[in-house]
Each structure stands twice: as structure tokens, then as C-alpha cells.
Amino acid sequence: MPPVRARLSVALLVSALACGGGGGSDAPTAPAAPSTPSTPSAPTLPTAPAANEIIATTANTFNPATLTVARGTVVTFTFQATTHNVIFNNVTGAPTNISSTSSSSVQRTFSTAGTFGYDCTLHAGMRGSVVVN
Ligand SMILES: [Cu+2]
């Protein structure tokens, strides 16, 4: 418990500050308007792929470009709003191609070990691969 004098000093200091250092006007200042919290907009891009998911993006890329999975894994190809297809290289064990689609998800099972490259034939250079161990 501090001595009474100490507490009194604090009280005097507070009142000195409250009167604004010997100022004149007592005009009340308008309180600051409460800031309106901005509502964060849900990001649409880029969307991080889930495990065993490849996203065909509106930026004409496959994300991830290379996905490595264990044999027997079901991979989900998720197509954003842009139309893409998935045409696998002609390699034994490659899954069935995915014809042009958008705003949907298509699953393919990779049952054979190997590297399975694929292209979207609608967009030059849009390609990826699935490495199956
Ligand atoms: Cu494409």
C-alpha cells in the first residue's frame, strides 16, 4: 500500500493532464468515429490444392505441376472456372483422359508406377505430371 502522499500526487497529475495544460476552451471534441472493420473478401486465387489434388487453374496452370503419389492413389483433378482438359501421354498405365470441363472435379486412380505426363490441349504449355511410386 503506497503512502497517502503518493496516491495524492498521482491524482493531481491526472487532473493536470485532464485539463489540457491550462488551456482555454472547453469545447468538446467529437469522439472519433469507430472504425468499421473491413470485411475480408474470400480469396479465390490461388487456391492451395489439398492432398492428392491437382487444380486446373484459371491462370492456365496445373497446381501442383508435378504431384507424387503412391500406387493406387485416387487423384482429384479440380477444374476452376476456365475450361481445360487432361490428355495423358501415351504411356502404359496412364489413366483415362479427362475431356474438356470446368467448375468440376474428376477423379483418376493411378494404379501403375511410373511418370504420367499430361497436357491441356486447349492451352499451349499447360502441362503437368503425376509420378507414381
Ligand atoms: Cu487448359
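Residues numbered from 1 in each chain as written. Predicted model: local features only at pLDDT ≥ 70, side-chain atom pairs only at ≥ 80, totals over all residues. Heavy atoms only, no water.

**Considering the confidence of the model for the protein chain**
Step number 1: Averaged over all residues, the pLDDT of the protein chain is 83; the fraction at 70 or higher stands at 75%.
Step number 2: Between residues 6-23, whose pLDDT stays under 50, and residues either more than four places distant or in other chains, the model counts 3 contacts. (pLDDT = per-residue confidence, 0-100. Contact = heavy atoms within 4.5 Å.)

**Considerations on the environment of Val-86**
Step number 1: With respect to the helices and strands, Val-86 occurs in strand S5 (residues 84-88).
Step number 2: Owing to a relative accessible area of 0%, Val-86 belongs among the buried residues under this scheme.
Step number 3: In this structure the C-alpha to C-alpha distance between Val-86 and Cys-120, which are 34 residues apart in sequence, comes to 5.1 Å.
Step number 4: Among all residues touching Val-86, those that are not within four sequence positions of it are Phe-62, Phe-77, Phe-79, Asn-97, Ile-98, Tyr-118 and Asp-119. (Helix = DSSP H or I, 4+ residues; strand = E, 2+ residues; numbered from the N terminus. Buried < 20%, exposed > 50% of the residue type's maximum accessible area, 1.4 Å probe, protein only.)

**Here's the deal with the sheet that holds strand S4 (residues 73-79)**
Step number 1: Strand order in this open sheet of 4 strands is S2-S1-S4-S7, and the pairing throughout is mixed. Each edge of the open sheet carries a strand with a single partner, namely strand S2 (62-63) and strand S7 (104-110).
Step number 2: Bridge count for strand S1 (residues 53-56) against S2 is 2 bridges, and the pairing is antiparallel. By the bridge assignment, Ile-55 is partnered in S2 with Asn-63. (Pairing = 2+ DSSP bridges.)

**Considering the sheet that holds strand S3 (residues 66-69)**
Step number 1: Read from one edge of the open sheet, 5 strands run S3-S9-S8-S5-S6, paired in mixed fashion. Of all the strands in the sheet, just S3 and strand S6 (98-101) have a single pairing partner and so form its edges. On average, adjacent strands in this sheet sit at an angle of 20° to one another, irrespective of strand direction.
Step number 2: Bridge count between S5 and strand S8 (residues 114-119): 2 bridges; the pairing is antiparallel. The partner of Ile-87 across the bridge, within S8, is Asp-119. (Axes fitted to C-alpha atoms, helices over the stretch in contact; angles between N-to-C directions.)

**Things to note about the coordination of the copper ion**
Step number 1: Protein ligation of the copper ion involves His-84 (ND1), Cys-120 (SG), His-123 (ND1) and Met-126 (SD), the donor distances falling in the range 2.0 to 2.6 Å.
Step number 2: Angles of 86 to 131° at the metal separate the 4 donor atoms of the copper ion, which places the site in the tetrahedral class.
Step number 3: The sequence pattern formed by the donor residues of the copper ion is H-x35-C-x2-H-x2-M. Take Cys-120 and His-123: they sit in the same class, and that class is buried. (Donors = N, O, S within 2.8 Å, 3.2 Å for Na, K, Ca; no water. Tetrahedral: all angles 85-135°; square planar, octahedral: opposite > 155°, others 65-115°.)

**Topic: the pairing of S3**
Regular strands have side chains that alternate between both faces of the sheet.
Step number 1: Burial along S3 is one-sided: the face carrying Leu-67 and Val-69 is buried and the face carrying Thr-66 and Thr-68 is not.
Step number 2: In this structure, S3 lies alongside strand S9 (residues 127-132), joined through 4 bridges in parallel fashion. Paired with Thr-68 across the bridge in S9 is Val-131.

**A closer look at the side chain of Thr-76**
Step number 1: Inspection of the secondary structure assignment puts Thr-76 in strand S4.
Step number 2: Exposure remark for Thr-76: the relative accessible area of 17% places this residue in the buried category.
Step number 3: Those residues in contact with Thr-76 that sit more than four places away from it in its chain are Asn-52, Glu-53, Ile-54, Ser-105, Val-106 and Gln-107.

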